[in-house]
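Listed below, chain by chain, are the residues.
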Amino acid sequence: MRVRVLVTGGAGFIGSHIVEALVSAGHETAVADDLSTGRERNLHPAARFYRLDIRDPAAVDRCLAEFRPAAVSHQAAQTSVAVSTREPARDAEINVLGTIHLLGACVRHGVERLVFASTGGAIYGEVEGERRAKVGDQTHPLSPYACSKLAVEHYLDAWRAELGFHSTVLRYANVYGPRQDPHGEAGVVAIFARRILDGSAIQINAMRDIGDDGCIRDYVYVGDVVRANLTALAGKLGDRTINVCTGVAADTKAIARGLMAELGRTVTIGHGPRRAGDLLRSVLDPTEMEALLGAPVGLEAGLAETGRWFREHGP
Ligand SMILES: NC(=O)c1ccc[n+]([C@@H]2O[C@H](COP(=O)([O-])OP(=O)(O)OC[C@H]3O[C@@H](n4cnc5c(N)ncnc54)[C@H](O)[C@@H]3O)[C@@H](O)[C@H]2O)c1
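Residues numbered from 1 in each chain as written. Predicted model: local features only at pLDDT ≥ 70, side-chain atom pairs only at ≥ 80, totals over all residues. Heavy atoms only, no water.

Draft legend 1. Representation of the pairing of strand β6 (residues 166–172) within the structure. Within β6, 6 of the 7 residues are buried, which leaves the element mostly enclosed by the surrounding structure. As paired elements, strand β5 (residues 113–119) and β6 share 7 bridges and run parallel to each other. The partner of Phe116 across the bridge, within β6, is Val169. Two strands pair when backbone bridges link them, and β6 and strand β11 (residues 241–244) are joined in this way by 4 bridges, in the parallel orientation. Note that in β11 the partner of Leu170 across the bridge is Ile242. (Buried < 20%, exposed > 50% of the residue type's maximum accessible area, 1.4 Å probe, protein only. Helix = DSSP H or I, 4+ residues; strand = E, 2+ residues; numbered from the N terminus. Pairing = 2+ DSSP bridges.)

Printed below as a string of structure tokens:
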């Protein structure tokens, strides 16, 4: 069935992939984005574009009043943990207040369902030993960014209970894939891919001590995040919260090695100190996602796809 879907943050890395998949599936799609970290070149020509800041309630209301979406995929956010630590008020203005403006407009203009991009990578805090964090586990947000995402999850619970407003919460692990910004301070796959192709040295920041293999993460391919969003937007995941992840623990060195093998180039690996605020280990339980959506793309296949894209697209 053809529906109208609004993707906030649709000029960004993940949002632009969601837009592409929605347009390919024949849905009438619009993007709401302020182009703060998103790029004009990521805008899909077949999607209507509303340039707006979600902190502006009147602009958000006008967009929903005009486009009248049946469903909203809410990807727009201040996405940097480091920025959230430096500017916690701005993080909350965008991630909490901006989302509240969006929710208000959704309710006023008859949106049937909202899908929220939350973070499994930050919300559970340290995931020690061999553990994989499950949705029912105690959350332990250790950054303003994680706090803002968890706050929105609670608002969605309240909206659901009070107003019967339907929402699905997707807790993404560390997402990677084509179009990820290689110039930021996060997104190690994109940063390494670009540098390896340029023949530049790469740096592994320590998990504990300089020279170790780096922090442990659960890397999920963007195609799986898109699949989860499209299924959720269709109402097929119900009012659930699920991890979007692989459950596979990979350290930074494994990413470096995997990309060098895929790209057929070797560069010097340097070692840096531990970065303040970096979790040592974050791995999520994929059981529910696998049952609902099937197996995720493996790291090797995902790195191959990503490496190919970076090879074909210049800096
Ligand atoms: N990339 C990951 O590993 C990851 C992991 C967990 C959760 N997430 C979440 O997924 C979503 C998408 O992240 P991404 O990696 O594609 O980041 P991104 O920076 O590429 O995309 C975010 C988009 O939101 C837009 N935006 C930011 N502030 C805005 C505002 N005030 N008003 C309107 N638009 C605004 C940006 O311009 C950008 O296009 C975010 O909500 C992020 O928190 C990402």
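Draft legend 2. Geometry of the side chain of Ser118. In this fold, Ser118 is placed in strand β5. A distance of 2.7 Å separates the side chain of Ser118 from the side chain of Glu153, its partner in a polar contact. Those residues in contact with Ser118, other than ones at most four positions away along the chain, are Ile123, Lys149, Glu153, Val169, Leu170, Arg171 and Tyr172. (Polar contact = N/O pair within 3.5 Å; in protein donor to acceptor, adjacent residues only side chain to side chain. Contact = heavy atoms within 4.5 Å.)

Draft legend 3. Structural detail: the sheet that holds strand β12 (residues 250–251). If you trace the 3 strands from one edge of the open sheet to the other, you get β12-β9-β14, paired in mixed fashion. Two strands lie at the open edges of the sheet, namely β12 and β14 (281–282), each paired on one side alone. Inspection of the sheet shows strand β9 (residues 216–217) paired to β12 by 2 bridges, in the antiparallel sense. Directly across from Ile216, in β12, lies its bridge partner Asp251.

Draft legend 4. Spotlight on the domain arrangement of the protein. Taken domain by domain, the protein comprises domain 1 (4–174 + 219–244) and domain 2 (176–218 + 248–284 + 291–312). Each of domain 1 and domain 2 has a C-alpha centre, and these two points are 24 Å apart. Domain 1 puts 39 residues into the contact, and the matching count from domain 2 is 31 residues. Overall, the association of domain 1 and domain 2 removes approximately 2,800 Å² of surface from exposure, summing both partners, and the carbon and sulfur fraction of that is 55%. Summed over the three residues of domain 1 that lose the most area to domain 2, namely Phe13, Tyr219 and Tyr221, the buried surface amounts to 32% of that side. Linking domain 1 with domain 2 are 2 salt bridges, by the criterion used here. Arg39 is the salt-bridge partner of Asp181, the closest N and O atoms lying 3.7 Å from each other. Our count for the domain 1 to domain 2 interface comes out at 17 residue pairs in polar contact (both at pLDDT 80 or more). Elements with a contribution of two residues or more to the side of domain 1 that touches domain 2: α1 (13–24), α3 (81–86), α5 (120–123), β6, β10 (219–221), α8 (222–233) and β11. If you tally residues by element for the side of domain 1 that touches domain 2, the top one is α8, at 5 residues. In terms of residue class, the side of domain 1 that touches domain 2 is made up of 16 nonpolar, 11 polar and 12 charged. (Domains from an automatic or database assignment. Buried area = accessible area lost by both parts, 1.4 Å probe. Salt bridge = Lys/Arg side-chain N within 4 Å of Asp/Glu carboxyl O. Nonpolar A, V, L, I, M, F, W, Y, C, P; charged D, E, K, R; others polar.)

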